[in-house]
Structures are given as structure tokens and as C-alpha cells.
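Coordinates in review
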Amino acid sequence: MKKAKKALLGTTLVGALVVSAGFGTYSWFTSETNAAGQIANGTLQLNNGQNITEKIIDGVDFAPSQLKYGEWMTIDNTGTQDTHIKASLNQSLDKDINIKKYKVGYIALKYKEKPSGDVLKASKIKLEKLFDGTTNVVATLQESNGEIEVAPGVTAVTGLVGEDGVAGFKAVSNKEWILGDGTDKSFWRLKSDQYIDIVFAIKLDESANNDYQGVKYTADLKVQAKQTDDGSKYDGE
């Protein structure tokens with residue numbers, strides 16, 4: 001009997017030891033570090049995504065030898081990315097005759113800070129000098145006799161549409177011309193804080209005959225922007 005009690009007591013003590021061991025706690029040295037980050041995409045946008053409301057050209061009763069000015073049009077980089085600008089001029093007549101009788105010239109000014117109207121008025125680069133022959137001005141530009149000058153901080157390009165290789169022009173056809181495609185650090189590369197103002201002048205050559213009576217000339221300026229990174233493309237390419 002005594003042996004049985006000793007055996008039972010021993011078993012009870014072992015069980016007690018096992019149970020008591022379960023209430024112990026253990027810990028190790030630990031360390032932790034974390035990192036977080038985010039990236040926000042920039043925007044590439046011209047004129048807040050809106051079309052230019054000013055007219056390339058507008059008028060009636062146009063005649064040979066006359067020169068008419070359009071309105072100042074602004075190309076504004078309203079995005080956060082620098083861009084290459086591709087500007088193409090498309091022309092058409094509502095009659096199947098030689099469109100080259102219409103001589104088209106332009107001046108484009110680029111700035112970081114938009115000059116005041118007084119600065120633009122005081123500027124003097126004559127569009128008339130681009131045109132040969134007799135020119136009777138039928139509409140002046142900002143009452144300044146069609147003259148614009150480069151002000152401090154302003155760069156300019158000027159050219160006559162139809163002269164391939166002049167001022168960046170490139171012929172796609174007789175009716176479509178690329179004014180500039182911004183493929184290098186040229187005038188047509190527009191930083192995020194820059195504007196381009198552009199105005200056109202159109203002359204009907206004095207050699208235009210009676211075939212041009214009542215004809216309607218239409219012009220459309222298409223301006224596209226793309227990233228300046230290698231391999232980027234304009235929409236539709």
C-alpha cells in the first residue's frame with residue numbers, strides 16, 4: 001500500500017511540474033525597420049485641353065495682291081511635363097485650282113512670362129518682308145502696321161509656308177505643311193512654364209486670275225504635344 005501511495009504521489013508531482021512549466025514566458029531581442037514611397041504621374045497638356053478660339057484668318061472680299069492678318073493664337077503648356085510640339089498647317093480651297101497662289105507667312109514668339117500688350121505692340125518684325133511683289137495691306141495687326149519685335153526674354157521664328165527647309169517647314173503635300181516638330185532643343189520644344197504665340201498672314205498673289213473669284217480658302221492649325229523622352233510618339237503615329 002505504501003508503495004502504491006508513493007507511486008501516485010510521484011505521478012502527481014510530475015504533473016504539477018508539467019503544469020507549472022506552462023506558465024513561464026520567453027522573449028528574444030528583436031528589431032524592425034520600414035520604408036514607404038509613392039510616385040505621382042505628371043501631366044502633358046496644351047491649353048488645358050481646350051481648342052484655340054482665335055481665328056487663323058477671317059474675312060471676305062479678298063482679292064489679288066492683298067495681305068490679311070489673322071489673330072494672335074496662344075499655345076500654352078498647361079501640364080507639368082516639358083513637351084515637343086508638332087504644329088501642322090492644313091489648307092484647302094473649295095475649287096480645284098492652284099492653292100500656291102495663296103502665300104502664307106507666320107511669326108511665332110516664345111516666352112516664359114507673357115509680355116504685355118504694349119510690349120507686343122512695340123515689337124517690330126515685318127511680316128510684309130516675307131512676301132514678294134505688290135502687297136496692299138487690308139487688315140493690320142494690333143493697329144501696329146503688322147510689325148512685331150522680339151522683346152527681352154522672347155525668342156521668335158518666322159517663315160513662309162511653301163518653302164521647304166526654311167524655318168523648319170516640311171512639306172507633307174501641297175496642302176499640308178509642318179511648321180515645326182520639336183525633335184531637338186529648338187523653338188518647338190516647350191517647357192512647362194512657356195507659351196508660344198503665333199499669328200499668320202495670308203496674301204493672294206497678284207498673278208491670281210479670274211478663276212479665283214468667289215473662291216473660299218480654309219486653313220486649319222493642328223498642334224500636338226509629346227514627351228521629350230527618346231522613343232516618344234505623337235498621337236496617331
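Scroll up to find the structure this text is about.
About the criteria used
- Residues numbered from 1 in each chain as written.
- Predicted model: local features only at pLDDT ≥ 70, side-chain atom pairs only at ≥ 80, totals over all residues.
- Heavy atoms only, no water.
- Helix = DSSP H or I, 4+ residues; strand = E, 2+ residues; numbered from the N terminus.
- Buried < 20%, exposed > 50% of the residue type's maximum accessible area, 1.4 Å probe, protein only.
- Pairing = 2+ DSSP bridges.
- Phe/Tyr/Trp six-rings, centres within 6.5 Å; stacked < 30°, edge-to-face > 60°.
- Contact = heavy atoms within 4.5 Å.

Positionally, L179 belongs in strand β8 (residues 176-180). The exposure class assigned to L179 is buried, which follows from its relative accessible area of 0%. Taking the C-alpha atoms as reference points, L179 and S88, separated by 91 residues in sequence, lie 5.6 Å from one another.

This part takes up the pairing of strand β10 (residues 195-204). Counting buried positions along β10 yields nine of ten residues, so the element is predominantly enclosed. Summarising the sheet, strand β1 (residues 66-69) and β10 pair through three bridges and their orientation is antiparallel. Among the inter-strand pairings, L67 is bridged to a residue of β10, identified as K203. Two elements, strand β2 (residues 73-76) and β10, share four bridges in a ladder whose sense is antiparallel. Of the residues in β10, the one forming a bridge with T74 is D197. With ten bridges joining them, strand β4 (residues 102-111) and β10 adopt antiparallel strand pairing. Counted as the bridge partner of V104 is I202 from β10.

Our next topic: the packing of aromatic side chains. Within the structure shown, the criterion is met by five aromatic pairs. Judged by centre distance (6.2 Å) and plane angle (55 degrees), the rings of Y102 and Y212 are tilted. Here Y102 is found in strand β4, whereas its partner Y212 is found in the loop between β10 and β11 (217-227), with 110 residues between them in sequence. Note on accessibility: Y102 and Y212 belong to one class, buried.

With that settled, the discussion passes to the environment of L190. Checked against the element boundaries, L190 lands in strand β9 (residues 189-190). Those residues in contact with L190 that lie beyond four places of it in its chain are I75, N77, D82, T83, I85, K110, Y195 and I196.

Residues other than glycine seldom take positive phi values, yet N47 does so here, at roughly 50 degrees. Residue class for N47 comes out buried when judged on its relative accessible area of 17%. For N48, which is not a glycine, the phi torsion comes out positive at approximately 55 degrees. On the basis of relative accessibility, which here comes to 51%, the residue N48 falls in the exposed class.

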